[in-house]
Amino acid sequence: MNKYLLLSGLLLLAFLPLRAQLSPQSISIPMRDGKNLAAHLYLPNTTDTFPVILVQTPYNKNLYQFFGLPLGIGTDIANSNYAIVILDWRCFFGSAAACVAAPKRGEDGYDAVEWIADQAWCNGKVGTWGLSALGNVQFWTAEEQPPHLVCAVPEVAAPWETYHKYYPGGSIIVEHLQMLETLFGNFDLVVDNPYYNLVWQFAENTSMNPEQIEVPMLLVAGWFDHNTLWDLVLIDTLASSSPASVKDQHKILVGPWIHGGLGATDQGDLSFPEAQHANDELALEFFDYHIRGIDNGWEERQRYTYFQMGEGEWKQSEVWPPAGINWLPWFLHDSGEILPNVPSPGAGPYLEFSYDPEDPSPTIGGKTLHSDLLQGPYDQADEVESRNDVLAFSTPVLTEELYVQGKIRVKLFVSSDRPDTDFALRLTEVYPDGSSILLGEAIQRMRFREGYTANDEVFMTPGEVYPIELEFEDLAITFQEGNQLRLIVSSSNYPRYNRNMNTGGEMHPGGNYDTLVNPLIASNRVYSSSQYPSMLDLPIGQQTSADNERTAKAPFLLYPNPVGPELTIEGPEFCQVELFDLHGRLVRSYELRTEKETFDLSGLAEGVYVVRVYSCLNQNSQNFRIFRIKSPR
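Residues numbered from 1 in each chain as written. Predicted model: local features only at pLDDT ≥ 70, side-chain atom pairs only at ≥ 80, totals over all residues. Heavy atoms only, no water.

Enquirer: What's the story with the overall build of the protein in this structure? I'm lost.
Expert: Each helix and strand in the protein was counted, giving 11 helices and 32 strands. Considering the protein as a whole, with its 633 residues, one finds that 59% of them fall into the buried category. Here the contacts in the protein between residues at least 6 apart in sequence split such that 75% fall between residues at least 24 apart. Surface summary for the protein: the accessible area is close to 25,100 Å², and the carbon and sulfur share equals 49%. (Helix = DSSP H or I, 4+ residues; strand = E, 2+ residues; numbered from the N terminus. Buried < 20%, exposed > 50% of the residue type's maximum accessible area, 1.4 Å probe, protein only. Contact = heavy atoms within 4.5 Å. Areas by Shrake-Rupley, 256 points an atom, 1.4 Å probe, with all protein chains shown as cover.)

Enquirer: It is not clear to me how the packing of helix H3 (residues 105-117) against helix H4 (residues 133-143) should be interpreted in this structure. Could you clarify?
Expert: The packing of two helices is summarised by the inter-axis angle and the distance between the axes. Where H3 meets H4, the closest approach of the two axes is 7 Å, and the angle between their N-to-C directions is 75°. Relative to H4, the element H3 lies roughly perpendicular. Here Arg105, Gly106, Gly109, Tyr110 and Val113 of H3 come into contact with H4, specifically with Val137, Trp140 and Thr141. Among the residues making up the contact of H3 with H4, the classes are represented as 4 nonpolar, 3 polar and 1 charged. (Axes fitted to C-alpha atoms, helices over the stretch in contact; angles between N-to-C directions. Parallel < 35°, antiparallel > 145°, perpendicular 65-115°, else oblique. Nonpolar A, V, L, I, M, F, W, Y, C, P; charged D, E, K, R; others polar.)

Enquirer: Please clarify how the confidence of the model for the protein should be interpreted in this entry.
Expert: Should pLDDT be low for a region, the predicted coordinates there are not to be read in detail. Chain-level pLDDT for the protein is 90 on average; 89% of the residues reach the 70-or-more range. Throughout residues 545-554 the model reports pLDDT below 50, and contacts reaching past four residues in sequence, or to other chains, amount to 31 contacts. (pLDDT = per-residue confidence, 0-100.)

Enquirer: Please explain the pairing of strand S5 (residues 122-131) as it appears in this structure.
Expert: Side-chain direction in a regular strand flips from residue to residue, so the side chains alternate between the two faces of the sheet. Of all 10 residues in S5, 7 are buried, a share of seventy percent or more. Here 6 bridges tie S5 to strand S6 (residues 149-155), and the two strands are oriented parallel to one another. Each residue of the ladder has a partner; that of Thr128, found in S6, is Ala152. In this view, the connection linking S5 to its parallel neighbour S6 by way of H4 has right-handed handedness. (Pairing = 2+ DSSP bridges. Right-handed = clockwise from strand over helix to strand, strands pointing away.)

Enquirer: How should I be thinking about the nonpolar core in this particular structure?
Expert: Across soluble globular proteins, nonpolar side chains have a tendency to be buried as a group. If you look at the biggest cluster of nonpolar residues, it comprises 117 residues, and the most contacted ones within it are Val85, Phe287 and Val526. The residues touching Val526, leaving out its near neighbours within four places in the chain, are Leu332, Tyr350, Leu351, Phe353, Leu391, Phe393, Leu412, Phe413, Val414, Phe423, Val489 and Ser534. Core analysis: the next-biggest nonpolar cluster, separate from the first, contains 18 residues, Tyr163, Tyr166, Tyr167 and Tyr513 among them. (Core = buried A, V, L, I, M, F, W, Y, C linked by side-chain atoms within 4.5 Å.)

Enquirer: Honestly, the pairing of strand S17 (residues 402-406) in this entry has me stumped. Any pointers?
Expert: Most of S17 sits inside the fold, with 5 of its 5 residues counted as buried. Bridge analysis of S17 against strand S22 (residues 475-479) gives 5 bridges, and the strand direction is antiparallel. Within S22, the residue paired with Leu402 across the bridge is Phe479.

Enquirer: Please explain the packing of aromatic side chains as it appears in this structure.
Expert: Given two aromatic rings, their pairing is described by the distance between the two centres and the angle made by the two planes. For the structure on display, the rule yields 29 aromatic pairs. An aromatic cluster is present here, built from Tyr163, Tyr166, Tyr167, Tyr195, Tyr196, Trp200, Phe448 and Tyr452 joined pairwise through their rings. Positioned above the aromatic ring of Tyr466 is the side chain of Arg449, whose terminal nitrogen or guanidinium carbon lies 4.1 Å from the ring centre. Looking at Arg499, its charged tip hangs above the ring of Tyr494, at a distance of 4.2 Å from the centre. (Phe/Tyr/Trp six-rings, centres within 6.5 Å; stacked < 30°, edge-to-face > 60°. Lys NZ or Arg CZ within 6 Å of the ring centre and 35° of its normal.)

Here it is, written out as structure tokens:
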């Protein structure tokens, strides 16, 4: 057993013996190799039979009797519809004596499910639940196809082992691996393979097996969790590649949560009371439908249930991103503004900043894992933006909401005076009080700008301008009127990402996640001109009557988009149309006399506009669309 896990468990138990509120039954579950795994059994009563929820943990089963059972049960097991079994992983805590060199945790899960199903207190139906590592083991168990496993709820879990999970943009995630090493031992294989190679191909091909998942799964993810990207990949993969009998039954819940804060109201510097306990509520609804056969309308729920931040509302969609996304471009200007118009002609201007690997821009919140770091949406103003090694680009104060759903894309034109460096991005929402709350992070190691294999590696020529494209991970957020979007550009975000030494030398000398050998200070530039138009591209969703009480009941069509000389609007019950530029200025106003009208846009400049249509039935009811004029009139 890992010494850190053992120490933490013993210390915690030493302080908590008087707080125990549950008295589980200790059970021993036999495995196929003749060894036994230790578990606790929690029964609502000793006379009935129950469906069972199995939780397999490496973090000490004993903790549940002090902190309460999952799924909102807490200490009220007597009123639960399910019995709960908490099982220590082989090699951990109560199951340490069953340790073997290479545990097959999926097989252990199979044996546990089948043994439980055969007990007098079980009605033969077993589901699984758990988050993070406790979620990964559910995939491994399901792949073994135990006959009595009915369904599974893996939360903030991503068992797929892929290069980009550990090397986003080619830069290793330092704090993440340091924490995993503390919990589970060394990750030498990761640090020893900084290029995409056969090792990673093998890992990717053997760590995700959707064709073997024959039970419905409810995935639970968080917009501020480090597994968000992979959870969205997983649900798509399960829906497309698991057996036909089950592929349409997989669903996902995505809430405004950090990795360690599922269902809580407070997340970093933000608060989401509308999302409190939603993960437990939906998991119980899922279990009740599949295990207990309750007709609760679960089958009518769409594949994606997601929380639209900024509005505080839960929404559903059969696809992600939802249908009807329009891309809204904003360009970086050397004034530090982000504006809808293309910047000034020519090859310049640019903004410049320095990067010193020995004094890196610090990680303040974000999708971190390490227990020593803040996790989630924290203010970047004081500790990041106040430094002289960052650039900050901001939109004007928004005069209308921006309804974003999907991945925000960034294209930068950059240069450096070194052969290699990083460009690290942070996306924030700026509030009227000046707080700049982190929403996303991205990074690109320049030697990997053309790919991630050893053959793709190419260094920079000092002073030469290179285009790079980055994506922030998916978001569903409505940026509020009165706020701003901000893009922070630096060359580090440490210890979230490895520090680039700027030398073009070996990235991980000595096999360390983060080692500086003869580091150099880099002078890096971001260009903003018509020749080098650095930009953000925002995925703007379509609000419907279910999304916003201000939205008109009747739909309307707007075409073509991008628009030529004329714009056609078609739809019943509308009387007035207003066009706004992205500074919120009214540029045109029209009356709608029929259900289909075509308008001349002569005189309007190239760019992106917002159209607002008013209902004849209620002038307070409005509908919005984004459209683009593709060439000057």
